[in-house]
Amino acid sequence: MRRARQLALAALVVLTTCVGVLVAPGSASAEAAPSLRDADAAYATQRYAEAAAIYADAARTSHSAAAYYNAGNAYFRAGQLGPAALAYSRALRLAPELDDARHNLDVTREAIAVRLGKDSVTGTFTTPWWANASEAVPLMPLFAVTLGADVLLVVLLLVRRGRAPGAGRVLLGLGAAVTALVFLAGGGLLLGRIVYESQSDDGVVVADEAVMRELPDVKSREMPTVHAGLVVRVVRERQGWTRVRLANQVEGWLPAEAVGRVIE
Amino acid sequence: MRVRDRHLAARLGPRPWTIVVALLVGALGVGAWPRAATAQTADRPTIELKVSPTSATVDDQIVVVVEAHIPGVSGAERYIPPEWPEFDVVDTRRQTMTQMSSDFSGHQSITTVEVRSALLKPRRAGKLRIGEARIRVNGVEYQTRPVIVQIAPSGQAPVPDPVPPSGASPGVGQSGLPLPDASLAASPIFIYAHVDRERVKVGEQVTVTWYLWTRSEVVNFAPSPPRFDAFSGETLFETQNRFRYVQELLGGQQYSVAVIIKKALFAAQPGKFTIAPYTASVATLRTMGSRQLRSNPLEITVDPLPPGAPADFDAAMVGRFEAKASVDRTSIPAGEPIELTLTVRGEGPIRSARIPTIDLPGFTVYPPRTYKETLDLSGDKVAGTRSYAYLLTPKQGGDLTIDAISVPFYNPATGAYEAARTEPITITVVGVSGSDKGSPRDNVIARDIRPPLELAAATPPAFHPRGEVFWLALHALWVPPALFACVLVVGGIRSRLSRETTRTRRRRAKVQTRARSRAASAALAAGKIGDFYKALADLLRERLEACLGGPIGALTRAELRARLGARGVSPAGVDLVIRELDVCDAGRYAPGASEPARMQATLDDALAAAAVLDEAEAAVEAGAAVGAEERAS
């Protein structure tokens, strides 16, 4: 009887978790279909600026990598290479495995180099090892494994509680220990991803050309000129200006409209 | 009319005219708006002659349908039927209807549709001619083309329709559209994919068209076009708001056929490629809900270009091209640049072309940063123009010649590498020879981006730390541990509550005593002597078992006295207990006096005996607790 209660409780745990996970995506539900169809129609008829605006709006609302990717394509076709590079960067931030976005970003940067010239900024931005580790694993499978380990751990502990001491109880305990390690590892990676996302300050220059300045003032001393597609780090923002840091650690101010944050 | 022909009856059933007319009406219903729209757009009458089948035997019957669409309500002034001297007329029918339609801007138009049909029987075998049908509208005559019908002798199989010489498709319909396999006629609606060529060279255009074949009006069409990872492409035609149908016969069935999309594809590398099926969710007037349609996949073999390409050959330049060069001025002061505009025009994937690298002796050439491009997608071939503006600075003065610029390309028609050449241009540099300015930039291969992704009709929200979905789902992680914690807490509480302590035992004893006392009182009030003494006996037994820690049923009175004494019960208390036990036994098994007052006194004494036993039990437990504390310390 007690064993049956334990098993029933374990089943309740699994069911509640599944319902919670399955309901959650449905409750934050989808974009209105006509907007995306309008965007597709605009793209197909070469009204690229209009398509880009709709795709970008849909992407902003739904945080959809595919929508950002399509917005990037529309911006590219419309000749707006800076916004295209930003859109592809946003798509890759949401879905690092999206090879098409990576390819198109490369093509965009090549086109920028041809049209506007290459930026001679040496150096690279470094990413913490734990951020690289957390981004290496796709988010949905990572979450699924962590949640699965969570549920399995509780089920194993409940079942173990109802068993008499013996080999079965020992095995269940070992299984629970392994599952707990998996859960902790997955949870750690998830936490790392959340922290990295919240702290991320990557930006992309969207203006074709922009002159960096020493101070947030058009009359202040000019610094290097940067071109569309250049990756920068946003340091802070103030009254229509954005302070950025280049990969060579040079910092300066750019007009706010010349820089777009990868994370909106 | 009796249907004499068993083949037609087998195809159409026992009432062929009913079905033929129903098909005609259905086809008209399907094709009405687009056909009216066509008439509105064209603003002129149309007449069409359809014959089915075009290959039969002398025993078969031939259906001839003449359909005329005339703008307005008046109809045709005169109708001249086709001549068919080698056929006997079995039956004729005529139907006239008026249709109203509106175009995208809401403008309405009226069209009169006249349908005349005839059922004919051939008189002999051979190639028999059905002549033109004509109508006269507003003094102008319109006519169809004649149709030749192949009639085989009786008992022989009909001669199959000849395959038209043009295409890679199995057959061509009367409207000029490629016909799919007749087995598809089993389906009332399908998507047919057709490719103009199944084998091309790298960079050569292959045109893929997807047709919608339907027997009833489409009310909803949600496409999911395939991706073309191995190809770059241009859309030559795509239906925007409403399908424009033409009528075709397939397997004896009348279909309305419309182009969904036509694309020009260019392969960037050799190999065998499959163009995935075009899928769409379609709802028609005849179906309840939508159904998924899938076209046939297409196999395309792309051969590499032949060897021998020029050194500066651009793989995107496959087609036919011509080039022209011009300068902004022919006389310049020394030290100043001139702008050379190179215009390349032609048919081919010019959008994928690189900026040509040109090397002109006597000049320093600065390649352009941008170019102007126009595309012409109006025909079946992708054509376009690219204009590149180069800056040239002469290296010396005097009369200089800008040599002819050669832009190599591969011509699939001739199978050879050719070159589009410009004419040489002569300029004059006045003054001292100039000096180099600027610095050359790298020439970059102009790759193209990959096509857009197909977003689902409803884009699901992304699963990402910046999305609501992620945070909602994250809550699921604490649910299992929380439930487990609840299980532990609830289990602990239950365990604590069910633990046997002194307090719980004493509480239980009190409850039992009260219950027995109430039972005895009730029996006393009811006059049930047996029940009364039984209740008292049970009460005393329970208290004795609790005090002595075990059953007492097998003990004699002497043993009972001894145990009670050992438990610390006073002699008076022992006597009271024993006496009450004896009274209860006597009352149960040898009922005697039943005075209520006496019985009440017995009850009181029994309760007093129970109290004595409880005190003894408590004293024993208190002593045990003290002993345990002393041992612990």
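Residues numbered from 1 in each chain as written. Chains lettered and ligands numbered in written order. Predicted model: local features only at pLDDT ≥ 70, side-chain atom pairs only at ≥ 80, totals over all residues. Heavy atoms only, no water.

1. Comments concerning the overall build of chain B
To keep it simple, the criterion reads: Counting from the N terminus, the helices are DSSP H or I runs at least four residues long and the strands are E runs at least two residues long. Relative accessibility thresholds used throughout: buried, under 20% of the residue-type maximum; exposed, over 50%; partly exposed, between the two (1.4 Å probe, protein chains only). The protein chains shown are the only cover counted for residues, whose accessible areas, like all others here, come from Shrake-Rupley with a 1.4 Å probe.
Helix and strand counts for chain B stand at nine helices and 33 strands. Here chain B holds 633 residues, and 43% of them are scored as buried. Counting every atom, chain B has about 32,300 Å² of accessible surface; 53% of that belongs to carbon and sulfur.

2. Some remarks on the nonpolar core
The condition is simple: Here, nonpolar core refers to any group of buried Ala, Val, Leu, Ile, Met, Phe, Trp, Tyr and Cys residues whose side-chain atoms link them within 4.5 Å.
Judged by nonpolar contacts, the single largest core of 66 residues is most densely connected at Trp-210, Leu-212, Phe-231, Leu-340 and Ile-427 of chain B. Of all hydrophobic cores here, the second largest spans 42 residues; its members include Ala-39, Ala-51 and Ala-71 of chain A together with Leu-453 of chain B.

3. Concerning the packing of helix H3 (residues 48–62) of chain A against helix H4 (residues 65–77) of chain A
The description of two packed helices rests on the angle between their axes and on the distance between the axes. Residues and elements named next belong to chain A. The condition is simple: Think of each axis as a best-fit line through the C-alpha atoms, taken over the contacting stretch in the case of a helix, with angles from 0 to 180 degrees between the N-to-C directions. Orientation labels follow simple angle bins: below 35 degrees gives roughly parallel, above 145 gives roughly antiparallel, 65 to 115 gives roughly perpendicular, and whatever is left gives oblique. Definitions for this section: a left-handed crossing has its near helix turned counterclockwise from the far helix by less than a right angle. A right-handed crossing has that turn clockwise. The contact criterion used is simple: two residues touch if any of their non-hydrogen atoms lie within 4.5 Å.
The contact between H3 and H4 brings their axes to 8 Å, and the two run at 160°. By the angle between their directions, the pair H3 and H4 is classed as roughly antiparallel. Handedness of the H3/H4 crossing: left-handed. Contacts between H3 and H4 involve Tyr-48, Ala-51, Ala-52, Tyr-55, Ala-56, Ala-58, Ala-59 and Arg-60 from the first element and Ala-67, Tyr-68, Asn-70, Ala-71, Ala-74, Tyr-75 and Arg-77 from the second.

4. Notes on the sheet that holds strand S7 (residues 126–130) of chain B
Residues and elements named next belong to chain B. Selection criterion: A pair of strands is considered paired only if DSSP assigns at least 2 bridges between the two.
Spatially, the three strands line up as an open sheet ordered S2-S10-S7, and their pairing is mixed. With partners counted over all chains shown, the strands left at the sheet margins are strand S2 (55–57) and S7, one partner each. Neighbour to neighbour, the strand axes of the sheet diverge by 35° on average, direction disregarded. Pairing analysis gives five bridges linking S7 to strand S10 (residues 147–152), with the strands arranged antiparallel. Looking at the pairing, Gly-126 lines up with Ile-151 of S10.

5. A few points about a positive patch on the surface
Residues and elements named next belong to chain B. For clarity, the threshold we go by: Only residues whose relative accessible area exceeds 30% and that form no salt bridge are eligible for patches; like-charged ones are grouped when within 9 Å, while nonpolar side chains (Val, Leu, Ile, Met, Phe, Trp, Tyr) are grouped when within 5 Å. Any carboxyl oxygen of Asp or Glu that lies within 4 Å of a side-chain nitrogen of Lys or Arg is treated as forming a salt bridge with it. Under the convention used here, Asp and Glu are negative, Lys and Arg are positive, and both His and the chain ends fall outside the count. Every charge is mapped onto a representative atom, which is NZ of Lys, CZ of Arg, CG of Asp or CD of Glu.
Residues Arg-503, Arg-506, Arg-507, Lys-510, Arg-514 and Arg-518 make up a contiguous surface patch of positive charge. As for its position among the elements, Arg-506 is in helix H5 (residues 502–526). Take Arg-506: its relative accessible area is 40%, and that puts it in the partly exposed class.

6. With respect to the side chain of Ser-295 of chain B
Residue and element names in this part refer to chain B. What counts is decided by this rule: The definition of a polar contact used here is a pair of N or O atoms within 3.5 Å, where within protein one atom must be able to donate a hydrogen and the other to accept one, and adjacent residues in sequence count solely through side-chain atom pairs.
Inspection of the secondary structure puts Ser-295 in the loop between strand S22 (291–294) and strand S23 (298–303). Since its relative accessible area comes to 4%, Ser-295 is described here as buried. Among the polar contacts made by the side chain of Ser-295, one reaches the main-chain amide nitrogen of Tyr-278 at a distance of 2.8 Å. Beyond its immediate stretch of four places on either side in the chain, Ser-295 contacts Ile-191, Ala-193, Trp-210, Pro-277 and Tyr-278.

7. Describing the packing of aromatic side chains
Residue and element names in this part refer to chain B. For clarity, the threshold we go by: The rule is short: rings of Phe, Tyr and Trp, with Trp giving its six-membered ring, pair when the centres are within 6.5 Å, and they are stacked under 30 degrees, edge-to-face over 60, tilted in between. Only when the NZ of Lys or the CZ of Arg is both within 6 Å of the ring centre and within 35 degrees of the ring normal is a charge said to sit over the ring.
If you walk through the whole model with that rule in mind, you get 17 aromatic pairs over all chains. With a centroid separation of 6.0 Å and 50° between ring planes, the pair formed by Phe-243 and Tyr-245 is classed as tilted. Accessibility expressed as a relative area gives 11% for Phe-243, which makes it buried. Their ring planes at 85° and their centres at 5.2 Å tell us that Phe-313 and Tyr-417 sit as a pair that is edge-to-face. With Phe-313 in the loop between S23 and strand S24 (320–327) and Tyr-417 in strand S32 (residues 416–421), this pair connects stretches of sequence that are 104 residues apart. Grouped by ring-pair contacts, the aromatic residues Phe-190, Trp-213 and Tyr-255 constitute a single cluster. Stacked on the ring of Tyr-79, the Lys or Arg Arg-116 has its end atom at 3.9 Å from the ring centre. The ring of Tyr-371 carries Arg-386 above its face, with NZ or CZ at 3.8 Å from the centroid.

8. Considering the confidence of the model for chain B
Interpretation of the predicted coordinates at a detailed level should be avoided for regions scoring low in pLDDT. Residues and elements named next belong to chain B. The following threshold applies: What pLDDT reports is the predictor's confidence in each residue, on a scale of 0 through 100.
The pLDDT averaged across chain B works out to 81; a share of 84% of its residues lies at or above 70. Every residue in residues 1–14 is under pLDDT 50, and counting partners more than four places away or in other chains gives 17 contacts. Scored below 50 in pLDDT, residues 432–445 shows 28 contacts in the model against residues more than four places distant or in partner chains. Scoring of the predicted complex yields 0.37 for pTM and 0.74 for ipTM.

9. Points about the pairing of S23 of chain B
Residue and element names in this part refer to chain B. In terms of residue burial, S23 counts as a mostly covered element, since five of its six residues are buried. Pairing of strand S14 (residues 199–201) with S23, which is carried by three bridges, proceeds in the parallel orientation. Bridging from a neighbouring strand, Val-200 pairs with Val-302 of S23.

10. Concerning the side chain of His-227 of chain A
In this fold, His-227 of chain A is placed in strand S3 (residues 222–227). In terms of polar contacts, His-227 of chain A uses its side chain to reach the side chain of Glu-209 of chain A, at 3.2 Å.

11. What about the packing of H4 of chain A against helix H6 (residues 99–116) of chain A?
Residues and elements named next belong to chain A. Closest axis-to-axis distance for the H4/H6 pair is 11 Å, and the angle between their directions is 25°. Taken together, the axis directions place H4 and H6 in an arrangement best described as roughly parallel. Once H4 is placed against H6, the crossing between them reads as left-handed. Taken together, the residues of H6 that come into contact with H4 (itself represented by Tyr-69, Asn-73 and Phe-76) are Asp-100, Ala-101, Asn-104, Val-107, Thr-108 and Ala-111.

12. Some remarks on the pattern of salt bridges
With the rule as written, the count across this model stands at 40 salt bridges over all chains. We note a salt bridge from Arg-93 of chain A to Asp-202 of chain A, for which the minimum N-O separation is 2.8 Å. Of this pair, Arg-93 of chain A sits in helix H5 (residues 81–94) while Asp-202 of chain A sits in strand S1 (residues 202–205), and the two are 109 residues apart along the sequence. Since its relative accessible area comes to 8%, Arg-93 of chain A is described here as buried. As a salt-bridge pair, Asp-100 of chain A and Arg-450 of chain B come within 2.8 Å of each other at their nearest N and O atoms.

13. Brief notes about the sheet that holds strand S21 (residues 279–284) of chain B
Residue and element names in this part refer to chain B. Here three strands make up an open sheet; going across it, the order is S16-S21-S22 and the pairing antiparallel. Single-partner strands in this sheet number two, and they are strand S16 (218–224) and S22. Ignoring strand direction, the axes of neighbouring strands in this sheet form an average angle of 25°. Relative to S22, S21 runs antiparallel, the two sharing four bridges. Across the sheet, residue Val-282 finds its bridge partner in S22, namely Arg-291.

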